[in-house]
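Survey of secondary and tertiary structure
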Amino acid sequence: MTDKAKKALHDKLVLGLQSSDVKTVTESINQLREEGQLDDIVILFDLLVKSNDDSLKDTILKFLSDIKDKNADSIFIDAILDEKYKSIRKDLTSTCWQSSIDFTNHISIFTDLLIESDFETAFEAFTVIENFTSKIEKNKKIEEQDKLKDAIPNAAEEVKGMIHECIHILDQV
C-alpha cells in the first residue's frame, strides 16, 4: 500500500471516529488496531469525554488498555494532567495499570493522584503504583514515601488508608 493510500485510509478512519453512528465509530476503532497512529489516542480521549453510549465507552477503554506502544505513556500522562479530560481521569488512570505500557517513570504523578483525587481515582492511582513498585528505583521509592507521609495530615479521610498502605507497599519491595 502506498503512503498516499495509507493516508487516505487513515483519514477515513478518523472521519469514522467522528460519526454520530455508534456502529461506524466502533468499526473505526477496531480498524485503528491495524491502521492507527499514536496521535489517534487523543481522538479517543475526546470521544470518551463526549460520548453517552456505555458500549462505545467500553470499546474505547478496551482499545486503550490493549495499546502496547511504549511511547504512548506520555500521551496518557498528558491527558491525565489535562483539565479537559478531568471527567475521564479515573478511566485513564485505570487504563494505565491494565495496559502493558510501563508508567514507572511517571510514578510521582500517580502518587499525586492518590493524594489529591476522589476515592475512585485515588484507588486507580494506588493500583498503578502497586503494579509498578518492583520497577521503581530505591531513591524514587523513598521520595514518594516521603511525599505520601507529608500528605497524610491533609488527605481526605477516605484515602488515608490507601496512603498508609501505599507507603507500606513501597517499603516492602
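Everything that follows concerns the structure shown earlier in this document.
The sections below set out a description of the structure shown in this document. Not measured: the values here are computed from a predicted model. (Residues numbered from 1 in each chain as written. Predicted model: local features only at pLDDT ≥ 70, side-chain atom pairs only at ≥ 80, totals over all residues. Heavy atoms only, no water.)

Applying the stated criterion across every chain, the model contains eleven salt bridges. Across the salt bridge formed by Glu144 and Lys140, the nearest N and O atoms sit 3.2 Å from each other. Of the two residues, Glu144 and Lys140 are both situated in helix H9 (residues 138-151); the distance of four residues between them amounts to about one turn of the helix. On the basis of relative accessibility, which here comes to 24%, the residue Lys140 falls in the partly exposed class. Residues Glu157 and Lys160 are paired through a salt bridge, measuring 3.0 Å at the closest nitrogen-oxygen approach. Of this pair, Glu157 and Lys160 both sit in helix H10 (residues 157-172), three residues apart, roughly one helical turn. (Salt bridge = Lys/Arg side-chain N within 4 Å of Asp/Glu carboxyl O. Helix = DSSP H or I, 4+ residues; strand = E, 2+ residues; numbered from the N terminus. Buried < 20%, exposed > 50% of the residue type's maximum accessible area, 1.4 Å probe, protein only.)

So, on to helix H8 (residues 119-132). In an α-helix, one turn spans 3.6 residues; hence positions three or four apart end up facing the same way. Its 14 residues give H8 an end-to-end C-alpha distance of 20 Å, which sits within 8% of 20 Å, the value for a rise of 1.5 Å per residue. Inspection of H8 places Thr121, Ala122, Glu124, Ala125, Phe126, Thr127, Val128, Ile129 and Phe132 among the buried residues, and these make up the whole buried set. For H8, the secondary structure elements touched by its buried residues are helix H6 (89-98), helix H7 (107-116) and H10. Among the residues of H8, the N-terminal cap falls to Asp118, whose side-chain oxygen and the backbone nitrogen of Glu120 are separated by 3.1 Å. (Expected span 1.5 Å × (residues − 1). Contact = heavy atoms within 4.5 Å. Polar contact = N/O pair within 3.5 Å; in protein donor to acceptor, adjacent residues only side chain to side chain.)

Next up on the list: the environment of Glu35. Tracing the chain through its elements places Glu35 in helix H2 (residues 22-35). Considered as a pair, Glu35 and Lys6 are 29 residues apart in the sequence and their alpha carbons are 8.0 Å apart. Apart from the residues within four sequence positions on either side, Glu35 is in contact with Leu9, His10 and Leu13.

What follows covers the packing of H7 against H9. It is the contact of H7 with H9, at a shortest axis distance of 10 Å, that shows an interaxial angle of 15°. In this view, H7 runs roughly parallel relative to H9, as classed from their interaxial angle. When the axes of H7 and H9 are compared, the crossing they make is right-handed. Residues Ile107, Ser108, Thr111, Asp112, Leu114 and Ile115 of H7 lie in contact with H9, whose contacting residues are Lys140, Glu144, Lys147, Leu148 and Ala151. (Axes fitted to C-alpha atoms, helices over the stretch in contact; angles between N-to-C directions. Parallel < 35°, antiparallel > 145°, perpendicular 65-115°, else oblique. Left-handed = near helix turned anticlockwise from the far one by under 90°.)

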